[in-house]
Amino acid sequence: MTAGPGALRVVVAGGGVSGLTTAYRLLKAARTGDGRPVEVTLLESRDRLGGNIRTERHEGFVIDGGPDAWVTAKPHASSLARELGLGGRLIGTTPENRRVLVLDRGTVHPFPEGMLLTVPTQVLPFLKTGLLSMPAKARAGLDLLLPRRDTDTDESIASFVRRRFGEEVLRKIGAPLLGGVFAGDVEALSIRSTFPQLVELEKKHRSLVLGARMEMRHRVAARRGKGGTAPSVFHSFPGGLAEFVEALAKAVQEGGARVETGVRVVRVERVEQAGYLVHIVGADGPSALQTDAVVLAIPGYAAADALRELDRDMASDLRNVPYVSSVVVGLAYSKADIAHRLDATGIITTDKHEQPIMAVTFLSS
C-alpha cells in the first residue's frame, strides 16, 4: 500500500455492512472535511462482500439467505440507503398486510395492533388480545406508574422488558420479537446496544407507553401531512438486501478505497513510532501491510486471533462473545396451493423448544 503525502492509512478488516460503512464514512469525512486525506484498504476473507447478507436471484425469485429486511425503528440503515441514492428503491410491507402473527403453544394469535416493538400504544387491541392473560395485561399496565430507572448502567433486553412489563410480556412478545431480530438470547443481549430507542423512551417520558403513544402520533401525523399511510415497520429492496451491499461497495471503490476479497487478517502487530503491521494471508501467500490505524469489523473470534499478541485481555473478551448459527430456508408455492390469505408479514414463535423455528416471513406480503 502506497500512501500519499500526509495521508492517514487505515486498514478495515471485514467486508460486511459494518466494514463497508466504516470505509464509506472514513472516505466521505476525508473528502468533505478539512483534515488529513485518508487511504483505505478493505480486506474480506471470503470471496464476496456482504458478510451475513447474501441474496440469490434465480428464475424470477429473490431469496435472501440471511436477513431479508431491517427494522425502520432503527433509522440508520434507511438513512444510509437514501444517502447512497437508494431512496427510490426502498420498499416496505404491503399496507394491508402489516400485522404479525404469533404462534404460542399451538395457537396462532394476531400481534396486538398498535405495538411499537414491545410497547402497546393502543388500549383496546392490547386488552382484547388472546395472546396474553389478564394478569399479564394488568402487570404491563404498571408501566404507566413505574418510575424511570435511576442509573445509567446497561441491562439486558430481558431485564428491561421484565422490569417495565413483566415476565409474560417478555416471553410472548419481547423475546420472540426483540431477540428474534438478532437471533440471540434476550437474557444476554444489551438493550442499549440493540434497542437504544426504548432506553431513550424511558429516559425522556418515564412511561414507555406514554412515550410510545406520543411518538406514534407524531409519526402518523407526519405521514398524513405528506398524504401517505402509516410508515412500514420494515424496509428492504426489490432486488434483496444485496442491493445495499452492491451500492456500498461501489461507493467505497469510487471513493478510492482498495478492496480485496479472499484476504484474511491473521495478526495485528504494533510497530513503535510507525503504527501497525497487519499480517495477512491471501492467494499469493502471507504478507504484511503497514498502516496508521486498523478497524476490525469481523466476528469476535476472528478479532481475538488477530489481537492475541497485541492485547491479550481484549482477545480473551472477544473470544468469549457467544455466537449462534441459523438456517434460512426459502420455499415457493403457487398461490392457489396456499389456503391462508397470507395477510401478514409472517409468524414469530414464542417457544423455540416446542417449535424450533424462529420465524416465518411471508415475503410476497
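This text gives an overview of the structure that appears in the document. Just so it is clear, the structure is predicted and the values come from calculations on it, not from any experiment.

1. Some details on helix H11 (residues 300-307)
Here H11 has its buried residues at Gly-300, Ala-303, Ala-304, Ala-306 and Leu-307. Down the axis of H11, the buried set is contained in an arc of 165°. They therefore lie on one face. Those residues of H11 that are buried lie in contact with strand S12 (264-271), strand S15 (293-296) and helix H12 (312-319).

2. With respect to the pattern of salt bridges
What the rule picks out here adds up to 22 salt bridges. In this structure, Arg-164 and Asp-143 form a salt bridge, with 2.8 Å as the shortest nitrogen-oxygen distance. Note that Arg-164 is positioned in helix H5 (residues 157-165) and Asp-143 in the loop between helix H4 (134-141) and H5, a separation of 21 residues in sequence. Per residue, the accessibility class of Arg-164 equals that of Asp-143, and both read buried. Two residues, Arg-164 and Glu-202, come together in a salt bridge whose shortest N-O distance is 2.9 Å. With a gap of 38 residues between them, Arg-164 in helix H5 and Glu-202 in helix H8 (residues 196-205) connect regions that are remote in the sequence. Each member of the pair, Arg-164 as well as Glu-202, carries the same accessibility label: buried.

3. Notes on the sheet that holds S12
Taking strand neighbours across the sheet as the criterion, the three strands line up as S12-S13-S14 in an open arrangement whose pairing is antiparallel. The open sheet has two edge strands with one neighbour each: S12 and strand S14 (285-291). If you compare each strand with its neighbour and ignore which way they point, the axes differ by 20° on average. Bridge count for S12 against strand S13 (residues 275-282) is seven bridges, and the pairing is antiparallel. The residue bridging Glu-269 from the neighbouring strand is Leu-277, located in S13.

The rules behind each value
- Residues numbered from 1 in each chain as written.
- Predicted model: local features only at pLDDT ≥ 70, side-chain atom pairs only at ≥ 80, totals over all residues.
- Heavy atoms only, no water.
- Buried < 20%, exposed > 50% of the residue type's maximum accessible area, 1.4 Å probe, protein only.
- Helix = DSSP H or I, 4+ residues; strand = E, 2+ residues; numbered from the N terminus.
- Arc of directions from axis to C-beta.
- Contact = heavy atoms within 4.5 Å.
- Salt bridge = Lys/Arg side-chain N within 4 Å of Asp/Glu carboxyl O.
- Pairing = 2+ DSSP bridges.
- Axes fitted to C-alpha atoms, helices over the stretch in contact; angles between N-to-C directions.

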